[in-house]
Amino acid sequence: MTLHKARLIGEGRPLLYATAGLVVLLSVVPMLRLLVEAVWPSGGLSLQPLREVLSDSATWRATRHSLEVGIAGTLLATVIGSAAALLFTLSDIRAKGPLVFAFVLPLMIPPQIAALSWLQVFGPSSVLLKILGLAPPLGSPNPLYSRAGIVLLLGTHFAPLVFLSLRAGLRALPRDLVEAARASGARAPATVVRIVLPVMMPPLVAGVALTFVSCIGNFGIPALLGIPANYQVLTTLIFQRLATFGPDVLSQVAILSVLIGVIAGSGIAVQGWMLTRKDYRLSGGGGDGLPFALGRWRGWIEAAAWGYGLAVLVIPLLAMLCTALVVGYGVPLTVETATLDNFRFILFDHDASARAFRNSMSLSAAAALILVPLCVVLAYFLVLKRDPLARALNVAAEMPYALPGVVLAVAAILIFIQPLPLTGGTIYNTVWIILFAYVARFLTLELRPIIAGCHQLDPALEEAARMCGAGILRRLWSIVLPLLAPAATAGALLVFMQALNELTVSALLWSSGAETLGVVVYNLESGGFTTKATAVAVLAVAATVAVMLALTLLAGRLPRGTLPWQK
């Protein structure tokens, strides 16, 4: 090896090692700390917490409930998401862009707000049902406070995950497979069942596995629908244990978190096992031009698609808006009773809501800004330099997002509950611990679009700058970063949007003065202030839709596939 080549290989290693240190701190250290606490509580080996957790009937009851709603919700999401992906990708249905946007939008709305909006649709106090004259008698139970209600909302909320994964695979489906089936006389249903779905197993299984992990680790929906019905899952059990006993039960909640991680990890392991049993490699070009003509059924199918969007998205949000416009929950909405007092109270009189808006905005923006340079450097070494260490870091970066948020939150508590080395200070019970968790959890959301953008870069530009004597930092700043700016901006906005209304992580990490929007919505609803909670939720949804529309306007300047709802 020549001295010149050796210098090229070694160039930028300090920068890569510094990046590796940050990624390990964000992704690997929290998981290791969780495992250590499970078997090494208080600095010594002890299996007592493990025995207490495993002998507690509440543990197994919550585990059974988590599996029930996780599996059933995943099955429902798979049916809905697969049907939508096939319909919107392979058929000649009209208005695909608006349909895709409407189908993906529920995924961008926080689960606790989705649950809150659905609760406003049913029950005797539903303002919307009172307007329509369909409200059930007073005293009637809300049917959503049940296992079936949790499954329904998990299935409809996470169906876009299956949709997005399968749709990405269908876009790469070779044309000749479908054309050969057509030439052999196969009709559309037979072609889909015998040809398309078998070769689409990798993206379909990936979407199903991600949906299962999301259902198992979700907190917002089981908290709002399950706790009032005394239907506990593992995430709500952890929340209630910490809320009741505080840091004294950290070892026990660490074991419960590991249990959630094991269940979620089993779903990912099944995915890997299924995909290694067969060779799914395809040859030939894909494209969007594979429409199956719907013929005389097109009008009916389009009506069904828009009807689904109306039922899952429009009606719940409309019900939530109606509730936010009355002075008290259950009061009929009329010209005389309509008021903006709830919004006025939230925006100007309620200190916790004002702090929550400031905290969520600043934490979301800070997380997005911190992740941009970190992910640009990591993607540079991963794609342009093809460094093996960067490939390992890419896998590690997926861990905090792949595992349930409650696992990361408990790990963050374990890391930061003790004073920091050297300084003696602590970030526990401050907004900084939430920022750490946000940066760790949403690292991969920023990284994916930047990696996609890196694949579209011409390496000659960066190489020419290097030949002119520019160092690696100069090349990253003046060549790579400007070219990746659209993808980095899209990723930053995705991070901002997800962090803005996050609840699962912040529900365990917030403290007085460090409230977030998701926490305020949950606390107001739990405290019986439903109209105030819906007012906060309406403002949060409005902010989410505004960000999505802004991203849509930038879609033409972004790499294909950067935006989940991009046509």
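Because the structure is a prediction, the values reported are computed rather than measured. (Residues numbered from 1 in each chain as written. Predicted model: local features only at pLDDT ≥ 70, side-chain atom pairs only at ≥ 80, totals over all residues. Heavy atoms only, no water.)

A short note on the overall build of the protein
Filter applied, for reference: Numbering of helices and strands starts at the N terminus; helices are DSSP runs of H or I of at least 4 residues and strands are runs of E of at least 2. Based on C-alpha atoms, the radius of gyration is set beside the globule rule, defined as 2.2 Å times the residue count to the power 0.38. Partly exposed describes any residue whose relative accessible area lies between the buried limit of under 20% and the exposed limit of over 50%, with all areas from a 1.4 Å probe on protein chains only and scaled to the type maximum. Contacts between residues were defined by any pair of non-hydrogen atoms, one from each residue, lying within 4.5 Å. With residues, only the protein chains shown are counted as cover, and all accessible areas are computed by Shrake-Rupley using a 1.4 Å probe.
Across its full length, the protein holds 26 helices and zero strands. The C-alpha radius of gyration of the protein comes to 25 Å, within 12% of the 24 Å expected for a compact globule of 567 residues. Buried residues in the protein amount to 52% of all 567 residues. Pairs at least 24 residues apart make up 79% of the contacts formed inside the protein by residues separated by at least 6 positions. Accessible surface, the protein as shown: approximately 24800 Å² in total, 67% of it carbon and sulfur.

Digging into the UniProt feature "domain: ABC transmembrane type-1" (unreviewed entry) in the protein
This is how the line gets drawn: UniProt positions are given in the numbering used here, feature names are shortened, and annotations may be inferred rather than shown by experiment.
If you check UniProt for "domain: ABC transmembrane type-1" (unreviewed entry), the listed places come out as residues 63-271 and 357-555 in our numbering. Helix makes up 77% of residues 63-271 and strand 0%, whereas the separation of the span's terminal C-alpha atoms amounts to 21 Å.

Things to note about the packing of aromatic side chains
The following threshold applies: Two aromatic rings from Phe, Tyr or Trp, using only the six-membered ring of Trp, form a pair when their centres are within 6.5 Å; if the ring planes differ by under 30 degrees the pair is stacked, by over 60 it is edge-to-face, and anything between is tilted. Comment: the charge-over-ring label is applied if NZ (Lys) or CZ (Arg) is within 6 Å of the ring centre and within 35 degrees of the ring normal.
A complete count under the given rule lists ten aromatic pairs for this structure. Members of the aromatic cluster, each reached through a chain of ring pairs, are F88, F103, F163 and Y308. Directly above the aromatic system of F345 lies the positively charged group of K532, at a separation of 5.3 Å from the ring centroid.

Things to note about the packing of helix α25 (residues 517-526) against helix α26 (residues 530-553)
Where we set the bar: Only C-alpha atoms enter the line fits that serve as axes; for helices the fit covers just the stretch in contact. Angles between N-to-C directions range over 0 to 180 degrees. Working rule for angles: under 35 degrees goes down as roughly parallel, over 145 as roughly antiparallel, 65 to 115 as roughly perpendicular, anything else as oblique. Crossings are classed by handedness, with left-handed meaning an anticlockwise turn of the near helix from the far one by less than a right angle and right-handed meaning a clockwise turn. The nonpolar class holds Ala, Val, Leu, Ile, Met, Phe, Trp, Tyr, Cys and Pro. Asp, Glu, Lys and Arg form the charged class, and all remaining residues, Gly among them, are polar.
At a minimum axis distance of 7 Å, the contact between α25 and α26 shows a crossing angle of 160°. The pairing of α25 with α26 is recorded here as roughly antiparallel in orientation. The two elements α25 and α26 cross, and the hand of that crossing is left-handed. Facing L517, V520, V521, L524 and E525 of α25, the residues of α26 in contact are T530, K532, A533, V536 and A537. Across the contact of α25 with α26, the residue classes break down as seven nonpolar, one polar and two charged.

A short note on the side chain of T235
Structurally, T235 can be placed in helix α13 (residues 234-245). For T235, a relative accessible area of 1% puts it in the buried group. T235 has contacts with I216, G217, N218, F219, I260 and V406, leaving out every residue within four places of it along the chain.

Side note on the nonpolar core
Defined as follows: Only buried residues count toward a nonpolar core, which is a set of Ala, Val, Leu, Ile, Met, Phe, Trp, Tyr and Cys residues joined through side-chain atoms within 4.5 Å.
Judged by nonpolar contacts, the single largest core of 168 residues is most densely connected at F88, I238 and L509. With 17 residues, the single largest contributor to this core is helix α17 (residues 351-384). In this view, F88 contacts I93, K96, L99, V100, F103, F163 and A305; residues no more than four positions away in its chain are not counted. Listed in part, the seven residues of the second largest apolar core include V127, L128, A319 and L333.

Re the pattern of salt bridges
Just so we agree on the cut-off: By definition here, a salt bridge exists when the distance from a side-chain nitrogen of Lys or Arg to a carboxyl oxygen of Asp or Glu is within 4 Å.
Within this structure, the stated rule accounts for twelve salt bridges. As a salt-bridge pair, E302 and R94 come within 2.8 Å of each other at their nearest N and O atoms. Of this pair, E302 sits in helix α15 (residues 298-324) while R94 sits in the loop between α4 (57-90) and α5 (96-108); the two residues are 208 residues apart in sequence, bridging distant segments of the chain. The exposure class of R94 is partly exposed, given its relative accessible area of 45%. Among the charged side chains, a salt-bridge network with shared partners connects R64, E68 and R147.

What to know about the side chain of T191
Structurally, T191 can be placed in helix α10 (residues 188-199). Those residues in contact with T191 that sit more than four places away from it in its chain are V178, A181, A186, V196 and F292.

Looking at α15
Each α-helix turn comprises 3.6 residues. Residues three or four places apart therefore point the same way. How we decide: How far a helix is expected to stretch is found by multiplying one less than its residue total by 1.5 Å. Each residue is assigned a bend, namely the angle between axes fitted to the seven residues that terminate at it and the seven residues that start at it.
Taking 1.5 Å as the rise per residue, α15 with 27 residues should run 39 Å; its terminal C-alpha atoms sit 38 Å apart, in good agreement. Along α15, the sharpest kink reaches roughly 40°, centred on L310.

A look at the environment of A114
Tracing the backbone shows A114 in helix α6 (residues 111-119). Taking C-alpha positions, A114 is 15 Å from L500, a pair spaced 386 residues apart along the chain. Those residues in contact with A114, other than ones at most four positions away along the chain, are I109, L153 and H157.

Notes on the environment of V249
Position of V249 relative to the elements: it lies in the loop between α13 and α14 (250-276). Expressed as a C-alpha distance, the spacing of V249 and R298, which sit 49 residues apart in the sequence, is 57 Å.

Brief notes about α5
Its 13 residues place the ends of α5 19 Å apart at the C-alpha level, agreeing with the 18 Å of an ideal helix rising 1.5 Å per residue. Most of α5 is tucked away: eleven of the 13 residues are buried. Of all the positions in α5, only K96, L99, V100, F101, A102, F103, V104, L105, P106, L107 and M108 are classed as buried.

As for the confidence of the model for the protein
Should the pLDDT be low somewhere, the predicted coordinates at that spot are not to be read in detail. The condition that has to hold: Scored between 0 and 100, pLDDT is the confidence that the predictor attaches to each residue.
When pLDDT is averaged across the protein, the result is 84; 93% of the residues are at 70 or more. No element of the protein has a lower mean pLDDT than helix α1 (residues 3-10), at 52, and none a higher one than α4, at 94.

Notes on the packing of helix α2 (residues 13-39) against helix α20 (residues 431-441)
α20 packs onto α2 with a crossing angle of 100° between their chain directions and a minimal axis gap of 9 Å. With respect to α20, the element α2 is oriented roughly perpendicular. Seen from α2, the contacting residues are L25, L26 and P30; seen from α20, they are F436, V439 and A440. Of the residues belonging to the contact of α2 with α20, the class tally is six nonpolar, no polar and no charged.

A look at unusual backbone geometry
In most cases, non-glycine residues show a negative phi, while peptide bonds are predominantly trans. Positioned with a positive phi, N230 is a non-glycine residue whose angle comes to about 55°. Looking at where N230 falls in the secondary structure, it is placed in the loop between α12 (220-226) and α13. Here the phi dihedral of R386 falls at roughly 50°; this positive angle occurs in a residue that is not glycine. Examined against the element boundaries, R386 turns out to sit in the loop between α17 and α18 (388-402).

Quick look at a nonpolar patch on the surface
Short version of the rule: By definition, no residue in a patch forms a salt bridge, and every one has over 30% relative accessible area; like charges are joined within 9 Å, nonpolar side chains (Val, Leu, Ile, Met, Phe, Trp, Tyr) within 5 Å.
The grouping of V36, V39, W40, L45 and L47 at the surface amounts to a nonpolar patch, some 470 Å² of accessible area in total. Along the polypeptide, V39 turns up in helix α2.

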